[in-house]
Amino acid sequence: MKNFIYFLLIFFVFVGCDDFLDKKDPTATTFEEFFVDEEDLRRVVYSSYLDVFTNSSARTTLFYMDEAKSDNAYSRVVGDHHQRIANGNFNSNTQAFLYYYELYMKHLGRLNTFIASSDIPYVEDESIRQKYKGILEGLRVWHYFRLTARWGNVPFVLEPADLQTAIQPATPKQIILDSLFSIADDIAKKLPPDEYTSDKYMFNKYSFKALTMRYALYNGKYDLAAKLAKEIIDSGKYSLYPIYGDLFNYKACSKNKEFIMWMDMASHGNSSTYSFQHLGPQYRTGGGQSYSVPTKALVDSYWTLQGRSIDKCPLHSKEEYELNPRLNRDPRLSASIMGHGDFFYGEQINIYNENSPMFYQKLRSSKTGYWFKKFVDEADAFKSSGAGTMEFPLLRYAEVLLTYAEAKIMMNDIDALTKKCINDIRRRAGLDMSIADVTLPEYSSYTQQQWIDLIRNERRVELACEGQRYDDIIRWKIAEDVLNKPCEGHTRLVDGLKETLKVEDRSFKPYNYLWPFHENSLKVEPGLKQNPGY
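Described in the following lines is the structure provided in the data block. Not measured: the values here are computed from a predicted model. Residue indices begin from 1 for each chain and proceed along its sequence in written order. Predicted model: local features are reported for residues with pLDDT of at least 70 only, side-chain atom pairs are reported and counted for 80 or more only, and whole-chain, interface and lining totals are derived from all residues. With hydrogens and water set aside, each side-chain value is computed from the structure's full complement of heavy atoms.

What to know about the overall build of the protein
Assigned secondary structure in the protein consists of 21 helices and 10 strands. All radius of gyration figures rest on C-alpha atoms, and the globule criterion is 2.2 Å times the number of residues raised to 0.38. In terms of C-alpha radius of gyration, the protein reaches 24 Å, essentially the compact-globule figure of 24 Å for 534 residues. By principal-axis analysis of the C-alpha atoms, the protein measures approximately 75 × 50 × 45 Å. Relative accessibility under 20% of the residue-type maximum defines a buried residue, over 50% an exposed one, and the middle range a partly exposed one, all with a 1.4 Å probe and only protein chains included. The buried share among the 534 residues of the protein stands at 59%. Two residues qualify as a contact provided that any one of their heavy atoms is within 4.5 Å of a heavy atom in the partner residue. For the protein, restricting intrachain contacts to residue pairs at least 6 apart in sequence, the fraction spanning at least 24 positions comes to 68%. Within the structure as shown, the protein displays about 21300 Å² of accessible surface, and the carbon and sulfur contribution to it stands at 50%. All tallies of charge rest on Lys and Arg as positive and Asp and Glu as negative; His and the ends of each chain are not included. Think of each charge as sitting on NZ of Lys, CZ of Arg, CG of Asp or CD of Glu. The distance from the centre of the 66 positive side-chain charges to the centre of the 71 negative ones in the protein is 3 Å. Strands are runs of DSSP state E lasting at least two residues, helices are runs of H or I lasting at least four, and both sets are numbered from the N terminus onward. Here the accessible surface of atoms and residues is derived via Shrake-Rupley with a 1.4 Å probe, and residues count as covered only by protein chains that are part of the display.

Considerations on the packing of aromatic side chains
Paired rings are identified among Phe, Tyr and Trp, the last through its six-membered ring, by centres lying within 6.5 Å, and are further divided according to the angle between planes into stacked (under 30 degrees), edge-to-face (over 60) and tilted (the rest). Going through the model one piece at a time under the given rule, you end up with 41 aromatic pairs. Pairing Tyr101 with Phe517 gives two aromatic rings, centres 5.6 Å apart and planes at 90°, and the pair type is edge-to-face. Of the two residues, Tyr101 is situated in helix H6 (residues 95-116) and Phe517 in the loop between strand E10 (497-504) and helix H21 (519-524); the sequence distance between them amounts to 416 residues. The exposure classification of Tyr101 matches that of Phe517, with both residues buried. Seen in terms of ring centroids, Phe508 and Tyr513 are 4.8 Å apart; in terms of plane orientation they differ by 70°. Their pairing is edge-to-face. Residues Phe508 and Tyr513 agree in their burial class; the two are buried. Counting every residue linked through ring pairs, the aromatic cluster contains Phe90, Phe97, Tyr99, Tyr100, Tyr101, Trp151, Tyr470, Trp515 and Phe517. The ring of Trp515 has Arg150 lying over it, and the distance from NZ or CZ to the ring centre is 5.2 Å. By definition, being over a ring means that NZ of Lys or CZ of Arg is both within 6 Å of the ring centre and within 35 degrees of the ring normal.

With respect to the packing of helix H7 (residues 126-151) against helix H8 (residues 173-190)
Here the axes come from fitting lines to C-alpha atoms, over the contacting stretch only for helices, and the angles between their N-to-C directions go from 0 to 180 degrees. At a minimum axis separation of 10 Å, H7 and H8 run at an interaxial angle of 155°. Classified by the angle their axes make, H7 and H8 are roughly antiparallel. Relative to H8, H7 is oriented so that their crossing is left-handed. Across from Gly134, Glu137, Gly138, Val141, Tyr144, Phe145 and Thr148 in H7, the residues of H8 making contact are Lys173, Ile176, Leu177, Leu180, Phe181, Ile183, Ile187 and Lys190. Only Asp, Glu, Lys and Arg are considered charged in this grouping, and only Ala, Val, Leu, Ile, Met, Phe, Trp, Tyr, Cys and Pro are considered nonpolar; every other residue, Gly among them, is considered polar. Across the contact of H7 with H8, the residue classes tally to 9 nonpolar, 3 polar and 3 charged. Convention used here: angles under 35 degrees read as roughly parallel, angles over 145 as roughly antiparallel, angles from 65 to 115 as roughly perpendicular, and any remaining angle as oblique. A clockwise turn of the near helix away from the far one marks a right-handed crossing, whereas an anticlockwise turn of less than a right angle marks a left-handed crossing.

Comments concerning empty space enclosed by the protein
Unoccupied space between atoms shows up once a probe the size of one water molecule is rolled over them. For cavity detection a 1 Å grid was placed over the protein atoms alone, and a set of points counts as a cavity when a 1.4 Å probe fits there but cannot get out; an open set counts as a pocket when protein lies on both sides within 12 Å along at least five of seven lines, with lining residues being those that have an atom within 4 Å of a point. Grid points are joined across faces, edges and corners, and a volume is the space filled by probe spheres set on the points. Following the criterion strictly, the structure yields 4 cavities of 30 Å³ or more and no others. Taken as a whole, the largest cavity holds about 310 Å³ of empty space. Around the largest cavity sit 24 residues that line it, and Asp66, Arg146, Arg150, Gly467 and Asp471 are the ones nearest its centre. Looking at the lining of the largest cavity, the elements with two or more residues in it are helix H4 (38-54), H6, H7 and helix H9 (205-218). Looking at the lining of the largest cavity, the element that brings in the most residues is H7, giving 4 residues. A class-by-class count of the residues in the lining of the largest cavity yields 13 nonpolar, 4 polar and 7 charged.

Quick look at the pairing of E10
Put simply, side chains in a regular strand alternate between the two faces of the sheet. Note: two strands are recorded as paired if DSSP finds a minimum of 2 bridges between them. Bridge analysis of strand E9 (residues 487-494) against E10 gives 6 bridges, and the strand direction is antiparallel. Within the sheet, the bridge partner assigned to Leu493 lies in E10 and is Lys498. Linking E9 to E10, which pair antiparallel, is a turn of 2 residues; within it Asp495 sits at a positive phi near 55°.

Structural notes on the pattern of salt bridges
A pair is scored as a salt bridge if a Lys or Arg side-chain nitrogen falls within 4 Å of a carboxyl oxygen belonging to Asp or Glu. Enumeration according to the criterion identifies 44 salt bridges in this entry. Two residues, Glu231 and Lys209, come together in a salt bridge whose shortest N-O distance is 2.7 Å. Of this pair, Glu231 sits in helix H10 (residues 222-235) while Lys209 sits in helix H9, and the two are 22 residues apart along the sequence. Judged by its relative accessible area of 25%, Glu231 falls in the partly exposed class. Residue Lys209 is classed as buried on the basis of its relative accessible area of 10%. It is possible to trace a salt-bridge network through shared partners that takes in Glu258, Asp330, Arg332, Lys374, Arg396, Arg426, Arg428, Glu458, Glu462 and Glu466.

Points about the packing of helix H15 (residues 397-410) against helix H18 (residues 448-462)
Contact pair H15 / H18: the axes reach a minimum separation of 10 Å and the direction vectors enclose 165°. Judged by the angle between their axes, H15 and H18 are roughly antiparallel. In the crossing of H15 with H18, the sense of the turn from one axis to the other is left-handed. Here Ala398, Glu399, Leu402, Thr403, Ala405, Glu406, Ile409 and Met410 of H15 lie close against H18, whose contacting residues are Gln448, Trp451, Ile452, Ile455, Glu458, Arg459 and Glu462. In terms of residue class, the contact of H15 with H18 is made up of 8 nonpolar, 2 polar and 5 charged.

Quick look at the layout of surface pockets
Within this model, the largest pocket holds a volume of roughly 1200 Å³. In terms of lining residues, the largest pocket is bounded by 36 residues, among which Ser301, Trp303, Ser309, Asn457 and Arg460 are the most central. Elements with a minimum of two residues in the lining of the largest pocket: helix H12 (296-301), helix H13 (318-323), H18, helix H20 (479-482) and E9. Residue contributions to the lining of the largest pocket peak at 6 residues, all from H18. Considering only residue class, the lining of the largest pocket consists of 12 nonpolar, 7 polar and 17 charged.

Looking at a negative patch on the surface
Each patch groups residues whose relative accessible area exceeds 30% and which form no salt bridge, using 9 Å between like charges and 5 Å between nonpolar side chains of Val, Leu, Ile, Met, Phe, Trp and Tyr. Among the surface-exposed residues, Asp37, Glu38, Glu124 and Asp125 lie close enough to one another that they form a single negatively charged patch. Taking relative accessible area as the criterion, Asp37 reaches 30% and is therefore assigned partly exposed.

Looking at H8
A helix is expected to reach a length of 1.5 Å times the quantity of its residues less one. Between its first and last C-alpha atoms H8 spans 26 Å; for 18 residues at 1.5 Å apiece the expected length is 26 Å, and the two agree. Every buried residue of H8 is listed here: Ile176, Leu177, Leu180, Phe181, Ala184, Ile187 and Ala188. End-on, the buried residues of H8 take up no more than an arc of 130°, which puts them together on one face. Looking at the packing, one finds that the buried side of H8 touches H7, H9 and H10. The directions considered for the arc run from the helix axis to the C-beta atoms.

Side note on the nonpolar core
Here, nonpolar core refers to any group of buried Ala, Val, Leu, Ile, Met, Phe, Trp, Tyr and Cys residues whose side-chain atoms link them within 4.5 Å. Formed by 145 residues in total, the largest nonpolar core has its most connected members in Ile135, Trp142 and Phe203. Tallying contributions element by element places H6 first for this core, with 11 residues. Once residues within four sequence positions are removed from consideration, Trp142 is found in contact with Tyr49, Phe53, Phe203, Leu211, Tyr215, Met261 and Leu394.

So, the side chain of Arg150
Tracing the backbone shows Arg150 in helix H7. Those residues within four positions of Arg150 in sequence are excluded, and the remaining contacts are Tyr470, Asp471, Leu514 and Trp515.

Listed below in structure tokens is the structure:
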């Protein structure tokens with residue numbers, strides 16, 4: 001057992017340090033000898049982002065692929081690890097849980113080593129060292145936020161591991177969170193306030209505050225979430241881009257004041273991006289693979305142009321909206337999703353034409369009959385493998401506004417700024433504000449539950465395909481409802497009867513709010529305790 005744990009220790013601390021082993025220094029024999037200057041500090045920050053958060057070809061970890069763990073999307077490839085989590089066909093031997101747990105733990109081991117050694121490299125300006133050290137500490141906090149969200153109680157280590165820490169028992173989630181939020185406050189104080197001219201993907205003061213804000217909301221710390229959101233709003237550094245859809249294609253993805261946390265080209269060494277391949281349709285000889293596609297549930301969640309749900313609109317029936325998603329709908333729908341009857345590259349999509357590459361039963365097509373338009377630019381349609389140069393938001397200013405509003409609603413403290421945040425989001429989206437304005441008398445009698453329903457739906461449609469939905473249905477404790485329904489697609493009339501494409505059955509059990517530890521992890525780490533139900 002001791003030898004096995006020693007192997008684990010070496011794995012967590014040093015696996016992934018290939019960049020250092022590739023350095024051309026024939027005299028260096030230890031980590032400290034490789035870790036010598038400012039460029040080495042920059043390199044470990046870059047690699048710590050790339051390996052977990054910004055790898056443009058890794059479908060298992062890309063933020064927009066995470067949508068397929070939820071009721072918003074369907075993933076067609078089991079090995080991407082999203083499909084089984086969404087349909088509930090998993091247990092404690094499912095590979096996904098070993099993959100994600102080892103990914104985070106391995107890089108936490110690396111981060112602990114890098115942070116503990118951050119005083120070693122020579123730098124001419126000490127503020128540079130403090131910046132990089134703060135970013136590494138921020139990444140460590142991000143890892144633990146994710147680990148606790150998925151598994152609850154986990155090992156909590158902030159120093160390079162030794163044989164003793166490798167076998168320590170898991171720390172209760174709440175103790176970890178209390179430490180993280182305190183640590184996060186200290187980190188933010190040390191980081192520069194402005195976005196960097198280059199390497200803008202790296203944490204600055206406000207982008208890290210925004211990340212902390214997100215997890216404060218996720219963990220029910222509404223006071224803190226609202227406080228951080230207000231600080232970011234009051235900073236004046238960010239604003240909503242005027243045209244919603246342009247944020248997610250080449251018109252504005254690289255130049256806007258809305259993206260707060262970036263996955264820019266520098267974050268993955270200017271390698272190609274593959275969002276067209278991952279999300280886009282197969283078209284003629286193009287590279288679209290439809291790996292993650294929207295569901296009917298997501299399409300139906302887009303309310304009307306007047307800000308009403310499709311089953312509570314006096315203008316049309318719910319069935320009319322189901323049969324024609326383009327009818328009187330929130331413009332974010334057409335900016336985010338395309339499907340049967342829409343136009344792509346000048347041609348109308350027909351998912352029922354067996355001779356079309358978009359026929360819903362073809363391998364590289366969409367089984368739901370829908371595709372995301374976000375991050376799918378027609379300019380990439382015929383590039384090799386759909387390769388592009390797209391830049392992505394890991395967190396947008398819109399989320400800050402939504403967070404402030406949700407936090408205040410959850411505290412039942414709906415102030416003028418809460419309503420302004422909602423209105424700003426709706427106005428930019430293009431809703432009819434003569435009816436959708438939440439300061440109108442119609443909304444004055446809203447109960448807290450009605451406000452909760454409104455803000456949750458605003459969040460769902462505003463952030464669709466941006467990797468937030470799974471965390472939302474987990475924290476809202478609604479996964480038992482939305483993931484216990486079949487995954488469905490396009491609806492049409494056939495011989496006068498409504499017919500909807502069925503993709504798969506899904507199941508979510510009450511204990512699935514936490515993931516299981518893989519059986520291998522339990523054998524290797526005796527301090528772990530399996531989560532209930534598994």
